[in-house]
Amino acid sequence: MSSKTLPYSMKDVQYDNAKFRRRSLFQVISHTFFTKKVKRECMACSTGKFLALLLICGLTYIMVTHASPLHSITSHVSNVGSEKGDMFFINGGIGVRRFWRKPPKLPPRLSPDEVINSNNKSMAKPDMGSEWTARQESVKKAFIHAWSGYKNYAMGNDELMPLSKRGVDGLGGLGATVVDALDTAMIMKLDDVVFEAGSWIEKHLPERISHKGQVNLFETTIRVVGGLLSAYHLSNLNPTNKGPKPSVYLQNAKNLADVLLTAFTSSPTAIPFSDVVLHDHTAHAAPGGLSSTSEATTLQLEFNYLSYLTGDPKYSFEAMKVLEHMKTLPKFEGLVPIYISPSSGEFSGGNIRLGSRGDSYYEYLIKVWLQQRQSNWTYLHDMYLEAVKGVKHLLVRKSKPNGLVFVGELPEGVDGGFSPKMDHLVCFLPGTLALGATNGITKAKAMEENSLTFEDLENLKLAEDLAKTCFEMYAVTSTGLAPEIAYFNSEGYSENGLDGGNKTSEYIHDIVIKHADRHNLLRPETVESLFILYRITENPKYREWGWSIFEAFEKYTKVDSGGYTSLDDVTVLPPRRRDKMETFFLGETLKYLYLLFSDSNVIPLTEFVFNTEAHPIPIITKDKKQ
Ligand code: DMJ
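Residues numbered from 1 in each chain as written. Predicted model: local features only at pLDDT ≥ 70, side-chain atom pairs only at ≥ 80, totals over all residues. Heavy atoms only, no water.

Labelled according to an unreviewed UniProt entry, the protein chain appears under the name alpha-1,2-Mannosidase, originating from Mikania micrantha. In its Pathway (unreviewed entry) section, UniProt records this for the protein chain: "Protein modification; protein glycosylation." (UniProt positions renumbered as here; feature names shortened; annotations may be inferred.)

## Section: the side chain of S316
Topologically, S316 is positioned in helix α16 (residues 314-328). Only 2.7 Å separates the side chain of S316 from the side chain of N304, close enough to count as a polar contact. Apart from residues lying up to four places away in sequence, S316 is in contact with F303, N304, S307 and W377. (Helix = DSSP H or I, 4+ residues; strand = E, 2+ residues; numbered from the N terminus. Polar contact = N/O pair within 3.5 Å; in protein donor to acceptor, adjacent residues only side chain to side chain. Contact = heavy atoms within 4.5 Å.)

## A short note on the nonpolar core
Within the largest apolar cluster, 161 residues are counted, with the highest numbers of intra-cluster contacts made by F143 and L590. Every residue in contact with F143, bar those within four places of it in the chain, is listed here: A181, T184, A185, M188, L190, V193, L586 and L590. In this structure, I485, Y493, L498 and V512 belong to the second largest nonpolar core, which totals 5 residues. (Core = buried A, V, L, I, M, F, W, Y, C linked by side-chain atoms within 4.5 Å. Buried < 20%, exposed > 50% of the residue type's maximum accessible area, 1.4 Å probe, protein only.)

## Overview of the site of the ligand
Near the ligand you find I222, R223, L425, R523, P524, E525, F584, E588, T612 and E613, and these make up its full shell. At 2.6 Å from an oxygen atom of the ligand is found a side-chain nitrogen or oxygen belonging to E525. Between the ligand and the protein, one listed contact pairs an oxygen atom with a side-chain N or O atom of T612 at 2.7 Å. The protein chains hide 92% of the 290 Å² of surface that the ligand would expose on its own. Counting atoms within 2 Å of the grid points, the majority share of the ligand lands in the largest pocket. (Near = heavy atom within 4 Å. Areas by Shrake-Rupley, 256 points an atom, 1.4 Å probe, with all protein chains shown as cover. 1 Å grid on protein atoms, 1.4 Å probe; cavity = no way out; pocket = protein on both sides within 12 Å on 5 of 7 lines; lining within 4 Å. Sits in = over half its atoms within 2 Å of the grid points.)

## Side note on the side chain of E484
Considering the arrangement of structural elements, one finds E484 in the loop between α21 (454-475) and β12 (485-488). Within the structure, the side chain of E484 is placed 2.9 Å from the side chain of R523, a separation counted as a polar contact. Each residue touching E484, except ones within four places of it in the same chain, is listed here: D423, H424, D517, H519, L521 and R523.

## Re unusual backbone geometry
Cis geometry is found at the peptide bond from K400 to P401, where omega equals 5°. Mapped onto the secondary structure, P401 falls in the loop between β9 (396-398) and β10 (405-407). A cis amide bond, omega -10°, links L573 with the succeeding residue P574. Assignment of secondary structure puts P574 in the loop between α23 (541-557) and α24 (583-596). At R357, a position not held by glycine, the phi torsion is positive, near 75°. Turning to its location among the elements, R357 is positioned in the loop between β8 (347-348) and α17 (359-371). Positive phi is not limited to glycine here, since N439 has a value of about 60°.

## A short note on the packing of α16 against helix α18 (residues 378-395)
As a packed pair, α16 and α18 sit with axes 11 Å apart at the nearest point and diverge in direction by 50°. By the angle between their axes, α16 is oblique relative to α18. Every pair of crossing elements has a handedness; the one defined by α16 and α18 is left-handed. In this structure, α16 uses M320, L323, E324, M326 and K327 to contact α18, whose residues at the interface are Y379, L380 and M383. Classifying every residue of the contact of α16 with α18 by side-chain character gives 6 nonpolar, no polar and 2 charged. (Axes fitted to C-alpha atoms, helices over the stretch in contact; angles between N-to-C directions. Parallel < 35°, antiparallel > 145°, perpendicular 65-115°, else oblique. Left-handed = near helix turned anticlockwise from the far one by under 90°. Nonpolar A, V, L, I, M, F, W, Y, C, P; charged D, E, K, R; others polar.)

## Side note on the environment of G345
Take G345: it is sitting in the loop between β7 (339-340) and β8. Note on G345: relative accessible area 0%, which makes it buried. Measuring from C-alpha to C-alpha, the distance between G345 and S267 comes to 9.6 Å, with 78 residues separating the pair along the chain. Dropping the residues within four chain positions of it, G345 is found in contact with T269, I271, H325, L329 and I340.

## Notes on the sheet that holds strand β13 (residues 511-512)
As a general point, the strands of a sheet are linked pairwise by backbone hydrogen bonds and lie either parallel or antiparallel. If you trace the 3 strands from one edge of the open sheet to the other, you get β11-β12-β13, paired in antiparallel fashion. Looking at strand neighbours, the two that pair on one side only are β11 (421-423) and β13, the edges of this open sheet. Across 2 bridges, β12 lies against β13 in antiparallel orientation. What sits directly across from Y487, in β13, is V512. (Pairing = 2+ DSSP bridges.)

## Comments concerning the UniProt feature "active site" (unreviewed entry) in the protein chain
UniProt records the feature "active site" (unreviewed entry) for E219, D359, E484 and E525 in the present numbering. Those annotated residues that line the largest pocket are E219, D359 and E525. Residue position: E219 is located in helix α11 (residues 217-237). Ignoring sequence-local partners within four residues, the contact set of E219 consists of L171 and V224. Relative to the helices and strands, E525 is located in helix α22 (residues 525-537). Overall, E525 belongs to the buried group, its relative accessible area being 10%. If we skip the residues at most four places from it in the chain, E525 touches H424, L425, C427 and F428. A polar side-chain atom of E525 sits 3.1 Å from a polar atom in the side chain of H424.

## A look at the pattern of salt bridges
For the coordinates displayed, the defined rule picks out 28 salt bridges. Notably, a salt bridge pairs R523 with E484, separated by 2.9 Å at the nearest N-O pair. Placement of R523 in the loop between β13 and α22 and of E484 in the loop between α21 and β12 is noted, with a sequence separation of 39 residues between them. For the pair formed by R523 and E484, the shared burial category is buried. What emerges from the salt-bridge pattern is a single network uniting K254, D258, D312 and K314. (Salt bridge = Lys/Arg side-chain N within 4 Å of Asp/Glu carboxyl O.)

## A word on α22
Between its first and last C-alpha atoms α22 spans 18 Å; for 13 residues at 1.5 Å apiece the expected length is 18 Å, and the two agree. With 13 of 13 residues buried, α22 is to be regarded as a mostly interior element. At the exit of α22 stands E538, carrying a positive phi of roughly 65°. (Expected span 1.5 Å × (residues − 1).)

Printed below as a string of structure tokens:
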């Protein structure tokens, strides 16, 4: 019977049944006792009647104390508490309470998802606490190994080439690995590394900032300015911190940002040029004249925080102009093309994706809002929610045959065809969605506070589905490491013979990996999302997935002489190796893995937002100077 046809809820029906049962019992008893015939026979005290009386009393007691509808009434009416259950009987019958055994306390009702989660929790081994601490130590050792390779062969260069044991300046020569790695070393409490990196910054960075040539505005902001600001904050928090005074980090961040501002101030529109020449303070558009949308819109956390610290509004003013301008541009259900022109301020072309050149636009909408919630930047939150709706409507599909949820692309815009291509870069999205749903508090707390909307719950579910897909992009390959790009067999697209090589994976036929996309650059996005999802859902499976990814990095990317290397092909064993350790392996990948295995009070999500390069930046509240 459908619930619509029921005049009452089942609870009401049970309540009525119970009342009826108690009433009939009362009638039986009174009828039995008070008919004249019984009175006479009672007077005669026949043994048979006495035994019958005992039997009736016993039955009465059993029915009253074991009536299940009654149990459900007390638990519903009294909100599962036992106190009101007791009250019910105290008021309802003298002396009954002495016989009353408290009904067992029922667990609160859980949704099917929560049931799975709570099962998972109880499936966690009891001694896992120390196990995770040991795993965290392994991540720390990996960081030391990566740093020692860099220090021995590339100190002061942007990146290490671990196989040829030398350094390379792929990011303009500001010693990007030193700065990117520094706050990870602080979080891991690696005093020696903090001292080495901090001393290098104090001694060499000022000179590099004034003399080096062309740098990319976005890369330099997220890695170097972001790294310095985070190091400033963390070293201020720790009075025994090794290395230079915290103000050294802030001063360098400010000096660098002063030059980077040229990219904004010399542009004819709100969209900054993509490159700056440090030694002559000039700014230039990228070849072709266009900026990446994600690059122009992923500078605000850093510039806002710098304004906050220095008291000079100019950094925030310039950076926020970009987002204010983005608000005015026409979009496609909140989605934006991946190129924008600094000369016209307009989007160029219709290519829409959440991978390269698009990704962190969506990430910063929610994070910049979270950074200063008391500000009047609610338009960012609105833009974020609209974009997520657009993603769900236009980009999310399911793979065949096994239904992995993935995010595809619209290379020709909304009127063109759908491409089932997903960059590994898109794996930032599960973490961002989870953060956007609860604003950093745990799901359990948010449920308790009743603060999740239906949309939040839906976004959280999508986050969990996508995190699974990102994890399966690792599990499907022979090495257990994800390719740079995956395609998904799905409605309108199928390709055979291009699998990841792990024949035991359930998703071997769902995920297609083309030859040109089989490399792995030690990227962080999946472990970033696992970290955030673990903090928010508290489901240990995210830790387990992170651990298996870490083990694969250890097995296939570690270089004996120091450092870790990118791979050319994750689908073959042994994998061919490239000769590069990206700065984000120390800045992001190992940091997120370490935090995934740490207590949630280490860099809590309610107090920090991570910039897109994993540098934690404190959330700005009116009352605190940080
Ligand atoms: C990092 O520089 C940042 O995470 C950026 O947002 C995307 N690309 C790399 C890591 O993959």
